[in-house]
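# Observations on the model geometry
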Amino acid sequence: MPRGGVSLAERPDGAAYMFASLSGECRTLWAKSGEPNGHSLICHMLDVAAVISVMLDHCGCNESELARWFGLPPEEVKRWLCASGGLHDLGKAIPGFQAKWLPGRQLLEQAGLVFSPDKALQQDRHDLATAALLPDYLKERGVPYFWAAGISQAVSAHHGFNFLPGQAKAPLREADSWKKVRQELFDAYWDTLGASATPDDLDLPLPAIQWLAGLVAVCDWIGSNSDWFPPGERGGSLAAHFVAARTIAAEVLADRGKLGWPSLKVLLDTPGADTDALLARIVSSAGDIKARPLQCVADHLLAGGAGPTLMVVEAPMGEGKTELAFLASLRLQAREHHRGIYIALPTQATGNAMFERALKFLQAFAGDAVLDMQLVHGGAQMNQTVARLRDIWGASRDESVQSSAWFTQKRRGLLSPYGVGTVDQGLFGVMNVKHHFVRLWGLANKIVILDEVHAYDTYTTGLIEVLLRWLKSFGCSVVLMSATLPNEKRAALLQAWGVQMDIPDVPYPRVVVADDRGVRGETFPARSQEPVHVHGLDESLESLVAQALASLQEGGCGAVILNTVDRAQKLHDLITDRMPPGTVLHVFHARFPADQRQQIEAAVLGTFGAPGGAVSRPERALLIATQVAEQSLDIDFDFLITDLAPVDLLLQRAGRLHRHVREYRPGAHAVPRLYVSGLLPDRLPDLETTRWGRIYGDYLCLVTWFRLLQEPVWRLPSDIDRLVQSVYAPWPDLSGLAPERARQIEEVSRTEHRVRAEQYALLARHIAIDPRETPEYAYLDKPHGADEDDTLALRNETRLGSDSVTVIPVHLDASGSWQLHPGEGSLDPSVPVNDAMARQLYGRQLKVSRMALIKYLKAQPSWPALSEHPLLSHFYPLILQGGQCRIGQLCVRLDPKLGLVYSTETPQEVS
């Protein structure tokens, strides 16, 4: 994938083509409707080609690598790509499309074109027409067939999807005058841009086609903005129009008040800086910083490398993995001229926390440049830091990092040079969703950091493996980080990068690097931690309450992490009136409205975060949370109580025990203690009533249960890898377990665990688009968009689980109006809302997955307050009366302390 960059020539050839020399028909063909005459097709094609030519330079695309991909001389490849990309709308020169806008049709009829017979008007899809017509036009210019077919597949996909063989559709029975004017249009355009060399006779690989598809779609969005590219001819010749359009494109990209797309800027201005000095800048420390062993080892491995790189980091919590990711990004960008960084996290909450750290990192290295950074997930619009960065050009133009509003629109977030978000945003790039190739193009030639890679099931891991193949083909470097990985998963990730053998056997903790110079790895000494003492509890909530109260008795700040929201809410109700006076209590899970969830997240970080924060640590505090608290949040507990889960997730949760060095901990918590619900030696855990088996699978829970009974003390980090491998081994050692129970676990392995793993892996292969496939067949049998495929009944989703929809809870008043909060203002649901109210409604969103509720919501009538605003059109209103919604026996209520609560009991009145 291209890196580096050389400027495209300022003027194209073909200056002899004057607008006045074109026929009236050709000059009148329109691409964009609007008074008085719209924007002509030839001008729009030149506009988009001009944007492409500027973008290729702006993003630092390298001619040599593009030339290898597309089989063209380096000095010609950019001109070919810009000329080919502008042909995306050639299919608009058909009678069916030109008939769509009545004033445009009338002008063409006056010029002499006929709109008959009716059969010729039936094909009005210009993208299908481009796919059908363009190959022949290119072949007439000596372009090899398969090259022309690949280019046509790329540019015709600009509205979102690649077409399958047989879907391309030319107009039927059109008059010869249409063929004549279309040939005139093509000849004038092609000769003006002067693409003269003949491409090699080769089949373009799928990554080359999708890279070009992404480039063309993005540049078409820019070139179609009539505020930036007003209708009309610019100059007397087509060449003059193209040059003027290039000037506009360059200004639009650079103008922070328009698009604000910074050009490539290498962050590391001192390539020879030593590791300690860079770490000091990364953590914004004025004093001396000594790099951790992990960071020194990884930096040494990178120093001996070349080419796009995969780095796999397995290290305990608290070893500085995030700082290493920033350090590696600096080194790799300086060496490979990567154009930016994307950090992918498992959840929105972890993404929010990382966004703050990444922002400080970029500010430390921006220098005199202005960088753009986006938070890329569904709740980004409610993030206060993002809101501040988006107002920069109003009052704070001297800021070094902005968040341009243009990138916030749907499918554009990954285009920004720098971003933090969820892994899902990248995974949609490997599925046949609308503009999936735009997401891939946005990641191209970047450093992509995937944190917490152990946290995903077999299905999502399978998608990540396909994403790795795409990223490598697009010239990216990738950093994978985890506390530890099962051996099979590590090998699969390396194999996805192309490492087929010679995977080094490096002791834990370890760093493994694969690049053009081979595969190598090293271990390093990790920080010694206090032994964690593991204690068992039964599964009952009363047992958890009793232990939490006992742990709070002598002071301390601890947590109870439950596997389901329902258990967390019930635990709160049982314990809230029984805690010692003055205890600070937080409840944190995913079933709160987005704005409230962000407030809770900030409060949790304030209470349990690193020493030296703005909020002093209270004498007693308890966090009741679900899995949202187990990943990437920098929080520290004196004691921890948790539901049983697979061992790698328990280790992750235990990493929050005594995470930071503190001057004081209560004497009762001088030793870190982990209490595990469901860990009793005399019986198997109840995986059905608790629903733990449905979440994680019976097998992993049962093997973890057995291993933990043998491991009452964890000596971390030395025990981490051994514990994980012992649970995830293909045939775990169950010696010492009663024969009957061993048979039970083996039966679960045979009938459930292995079958489900194979099904998940197969499903991921069916869903994902593999870059190794031939272009014409890569999309066969793939689900289209978000709809179910008629044949395979597959859907494009990044994670398996219950169906969900996003709702906005509103309170119904006596007049039938909606209120965001009881007694606070009203809005008429039958009237579209303004942008300010839309943002308030958007901030109250939350996801629900209860099937009865989803059916009820989808059966509701459409309300213009949501359906007619683009920000809200995919949301459903959850209309509450008296704070609740009754659906048969199900009662849904929004509790200010507990979030959304489901019950089948007689509901209590809600004030």
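The structure we're discussing is the one just above.
This report concerns the structure included in the present document. Fair warning: this is a prediction, and the values are worked out from it, not measured in the lab.

With that settled, consider the overall build of the protein chain. Scanning the protein chain for helices and strands turns up 33 helices and 25 strands. The globule rule puts the C-alpha radius of gyration for 911 residues at 29 Å, and the 30 Å found for the protein chain is close to it. Here the C-alpha coordinates of the protein chain stretch approximately 90 × 70 × 60 Å along the principal axes. In the protein chain, which comprises 911 residues, the share counted as buried stands at 59%. Contacts spanning at least 24 positions in sequence make up 78% of the contacts within the protein chain whose residues lie at least 6 apart. Accessible surface computed for the protein chain: about 35,000 Å², of which carbon and sulfur atoms make up 50%.

For the structure on display, the rule yields 40 salt bridges. Members of the salt-bridge network, linked through shared partners, are Arg617, Asp636, Asp638, Arg662 and Arg665.

The element helix α9 (residues 145–155) is largely enclosed, with a buried count of eight among its eleven residues. The complete set of buried residues in α9 reads Trp147, Ala148, Gly150, Ile151, Ser152, Gln153, Ala154 and Val155. The inward-facing, buried residues of α9 contact α3 (63–70), α4 (74–86), α8 (126–140) and α11 (206–223).

This part takes up the nonpolar core. In this structure, Met55, Phe70, Trp211, Ile222 and Trp261 are the most contacted members of the largest nonpolar core, which totals 135 residues. Not counting chain neighbours up to four residues away, the residues in contact with methionine 55 comprise Leu215, Val218, Cys219, Ile222, Leu253, Trp261 and Trp441. Counting residues in each nonpolar core, the second largest holds 74 residues, with Ile561, Leu571, Trp692 and Ala742 among its members.

Okay, the environment of valine 545 next. Of note, valine 545 is situated in helix α23 (residues 541–552). Those residues in contact with valine 545 that sit more than four places away from it in its chain are Leu571, Leu574, Ile575 and Arg578.

This paragraph deals with the packing of helix α2 (residues 41–58) against α4. α4 packs onto α2 with a crossing angle of 145° between their chain directions and a minimal axis gap of 8 Å. Of the two elements, α2 crosses α4, and the hand of that crossing is right-handed. Between α2 and α4, the contacting residues are Met45, Val48, Ala49, Ile52, Ser53, Leu56 and Asp57 on the first element and Lys78, Leu81, Cys82, Gly85 and Gly86 on the second. A class-by-class count of the residues in the contact of α2 with α4 yields seven nonpolar, three polar and two charged.

A sheet is described by the order of its strands in space; here nine strands give the open sequence β6-β5-β7-β4-β8-β9-β3-β10-β11, paired in mixed fashion. Only two strands of the sheet have a single neighbouring strand rather than two, namely β6 (401–402) and β11 (518–523). Where helix α21 (residues 458–473) meets the sheet, its contacts fall on β3 (310–314), β8 (447–450) and β9 (477–482), and the angle it forms with β9 comes to roughly 150°.

This part is about empty space enclosed by the protein. As enumerated under the stated definition, the model contains four cavities of 30 Å³ or more in all. Taken together, His58, Cys59, Trp261, Pro262, Ser263, Leu264, Lys265, Arg339, Leu371, Asp372, Pro417 and Tyr418 make up the lining of the largest cavity. Grouping the amino acids of the lining of the largest cavity by side-chain chemistry returns seven nonpolar, two polar and three charged. Taken together, Phe326, Ile341, Ile343, Ala358, Phe361, Leu362, Met373, Tyr418, Gly419 and Val420 form the lining of the second largest cavity. Residue assignment for the lining of the second largest cavity shows that the elements contributing at least two residues are β4 (341–345), α16 (348–365) and β7 (418–422). Looking at the lining of the second largest cavity residue by residue, the classes come out as nine nonpolar, one polar and no charged.

A word on the packing of aromatic side chains. For the structure shown, the criterion picks out 22 aromatic pairs. Here the aromatic rings of phenylalanine 70 and tryptophan 211 are separated by 6.4 Å at their centres, their planes lie at 55°, and the arrangement is tilted. Here the residue phenylalanine 70 occupies a position in helix α3, and tryptophan 211 occupies one in helix α11, the gap between them amounting to 141 residues. Residue phenylalanine 70 is classed as buried on the basis of its relative accessible area of 0%.

It is worth spelling out the sheet that holds strand β14 (residues 584–588) at this point. Pairing in this open sheet of seven strands is mixed, and the strands run β14-β15-β13-β16-β17-β12-β18 from one edge to the other. Single-partner strands in this sheet number two, and they are β14 and β18 (713–714). Strand direction decides the pairing type here: strand β12 (residues 532–537) and β18, joined by two bridges, are antiparallel. When the bridges of β18 are listed, histidine 533 appears paired with valine 713.

Here the focus is the environment of arginine 653. Here arginine 653 shows up in helix α26 (residues 647–654). When the C-alpha positions of arginine 653 and proline 717 are compared, they lie 14 Å apart, and in sequence the two are 64 residues distant. Looking at arginine 653, its side chain comes within polar contact range of the side chain of asparagine 563, at 3.1 Å.

Conventions used here
- Residues numbered from 1 in each chain as written.
- Predicted model: local features only at pLDDT ≥ 70, side-chain atom pairs only at ≥ 80, totals over all residues.
- Heavy atoms only, no water.
- Helix = DSSP H or I, 4+ residues; strand = E, 2+ residues; numbered from the N terminus.
- Rg over C-alpha atoms; globule rule 2.2 N^0.38 Å.
- Buried < 20%, exposed > 50% of the residue type's maximum accessible area, 1.4 Å probe, protein only.
- Contact = heavy atoms within 4.5 Å.
- Areas by Shrake-Rupley, 256 points an atom, 1.4 Å probe, with all protein chains shown as cover.
- Salt bridge = Lys/Arg side-chain N within 4 Å of Asp/Glu carboxyl O.
- Core = buried A, V, L, I, M, F, W, Y, C linked by side-chain atoms within 4.5 Å.
- Axes fitted to C-alpha atoms, helices over the stretch in contact; angles between N-to-C directions.
- Left-handed = near helix turned anticlockwise from the far one by under 90°.
- Nonpolar A, V, L, I, M, F, W, Y, C, P; charged D, E, K, R; others polar.
- Pairing = 2+ DSSP bridges.
- 1 Å grid on protein atoms, 1.4 Å probe; cavity = no way out; pocket = protein on both sides within 12 Å on 5 of 7 lines; lining within 4 Å.
- Points joined across faces, edges and corners; volume = space filled by probe spheres on them.
- Phe/Tyr/Trp six-rings, centres within 6.5 Å; stacked < 30°, edge-to-face > 60°.
- Polar contact = N/O pair within 3.5 Å; in protein donor to acceptor, adjacent residues only side chain to side chain.

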